[in-house]
Amino acid sequence: MSRSNAEFTGVVDVRDRLTEAGYLVDASIETVVYLAERLGKPILVEGPAGVGKTELAKAVATARGADLVRLQCYEGLDEAKALYEWNYKKQLLRITHARGGETPGAEGGEAWDEVEDDLFGEDYLMERPLLRALRSTTDTVLLIDEVDKVDFEFEALLLEILSDFQVTIPELGTVTGTKHPFVVLTSNNSRELSEALKRRCLYLYLDYPTLERERDIVMSRVPEAPEALADQLVRIVRSLRQLELKKPPSISETLDWARTLLELGFDTIDEDVARGTMNVLLKYQQDVQKANQHLRISPRPEMN
Ligand SMILES: Nc1ncnc2c1ncn2[C@@H]1O[C@H](COP(=O)(O)OP(=O)(O)O)[C@@H](O)[C@H]1O
Ligand SMILES: [Mg+2]
């Protein structure tokens, strides 16, 4: 396997380049990303919704100047949608044509062997994300997003692919690329993944960020937000996360809230403002009610 000059040269390099790509890391993220590269192992990122799992893969691609190939998982996802599929319509047309088609006066046809060779050739192959990433000859980040949504059989197929980075297509033979993709799998933890899959990967648990990190994320993603507002906002969000909510606000919601407040022209948050915009942060009426009961906003928050 060839090495690329887009590779990260150390933990600090990971930090710098991901930050430049707009993704703020902490010590565990930068270490796992660097190790993944050195060891050539996939990263399995688990954690609640909206904490930056998908974004991490995108940022790694940007930071390395690599192509991002994304396989979005869902229940019922199968090989045909994830790996490859033959283009039946085109194959049928080819067969019809070989038989002389419906062209009046056309005679006889081609030798079947020749037709068959064509039918299972590159022109009739529909490449799906996994095959595209495997065959890639350039630097590629393969994002297998929300892998906990697929069923067990598909997980086994993934495992096979992730162990040797190649796949055998009966009609074409063994397919492999010249470069291993950098693989990131994400999971919202809706079910346990197999031990075997976990063993294959480096594990990264992404939780809600610390106050400081979330404030920095707000300021990097919503640069128009004044620091005092960012500061106040992340404190309130954090206090909401401590209530037992059905769906605690994630970083995505914090960012939406920051943009909403700016849009409405607020540069400080009082209880009325918070109540009036709570629907940006919380998506269940029972959560909104609970939050409104507990909301205490101190006029002068301090960062520590
Ligand atoms: N470390 C981070 N640095 C910058 N932005 C982040 C970070 N983590 C999350 N975000 C922001 O939060 C949003 C939600 O992240 P996302 O990756 O979609 O969450 P998940 O995949 O975990 O559900 C992203 O669009 C991004 O703007
Ligand atoms: Mg995601």
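None of these values were measured; they are calculated from a predicted model.

Considerations on the packing of aromatic side chains
Logical step 1: Summed over all chains, the structure comprises 2 aromatic pairs.
Logical step 2: Plain terms: the ring middles of Tyr84 and Trp86 are 6.2 Å apart, the flat faces sit at 80° to each other, and that makes the pair edge-to-face.
Logical step 3: Look at Tyr84 and you get buried, because its relative accessible area is 14%.
Logical step 4: For Trp86, a relative accessible area of 7% gives the class buried.
Logical step 5: On the basis of an interplanar angle of 90° and a centroid distance of 5.1 Å, the ring pair of Trp86 and Phe120 is categorised as edge-to-face. Of this pair, Trp86 sits in strand 3 (residues 84-86) while Phe120 sits in the loop between helix 6 (112-119) and strand 4 (125-127), and the two are 34 residues apart along the sequence.
Logical step 6: Directly above the ring of Tyr124 sits Lys90, whose terminal nitrogen or CZ lies 5.2 Å from the centroid.

With respect to helix 12 (residues 251-263)
Logical step 1: If you check helix 12, its first and last C-alpha atoms are 18 Å apart, about what 13 residues at 1.5 Å a residue would give, namely 18 Å.
Logical step 2: Inspection of helix 12 places Ile251, Glu253, Thr254, Leu255, Trp257, Ala258 and Leu261 among the buried residues, and these make up the whole buried set.
Logical step 3: Against helix 10 (211-221), helix 11 (227-242) and helix 13 (271-281) lie the buried residues of helix 12.
Logical step 4: Directly beyond the C-terminal end of helix 12, a positive phi value near 85° is found at Gly265.

Thoughts on the sheet that holds strand 8 (residues 182-187)
Logical step 1: The parallel open sheet is built from 5 strands, whose spatial order is 2-5-8-1-9. Each having just a single partner strand, strand 2 (67-72) and strand 9 (202-205) make up the two edges of the open sheet. Between one strand axis and the next, the sheet turns through 20° on average, direction left out of account.
Logical step 2: Bridge count for strand 5 (residues 140-145) against strand 8 is 4 bridges, and the pairing is parallel. Bridging across to strand 8, Val141 finds its partner in Phe182.
Logical step 3: Lying on the sheet, helix 3 (residues 53-64) is in contact with strand 1 (43-46), strand 2, strand 5, strand 8 and strand 9; it crosses strand 5 at an angle near 175°.

What counts and how
- Residues numbered from 1 in each chain as written.
- Chains lettered and ligands numbered in written order.
- Predicted model: local features only at pLDDT ≥ 70, side-chain atom pairs only at ≥ 80, totals over all residues.
- Heavy atoms only, no water.
- Phe/Tyr/Trp six-rings, centres within 6.5 Å; stacked < 30°, edge-to-face > 60°.
- Buried < 20%, exposed > 50% of the residue type's maximum accessible area, 1.4 Å probe, protein only.
- Helix = DSSP H or I, 4+ residues; strand = E, 2+ residues; numbered from the N terminus.
- Lys NZ or Arg CZ within 6 Å of the ring centre and 35° of its normal.
- Expected span 1.5 Å × (residues − 1).
- Contact = heavy atoms within 4.5 Å.
- Pairing = 2+ DSSP bridges.
- Axes fitted to C-alpha atoms, helices over the stretch in contact; angles between N-to-C directions.

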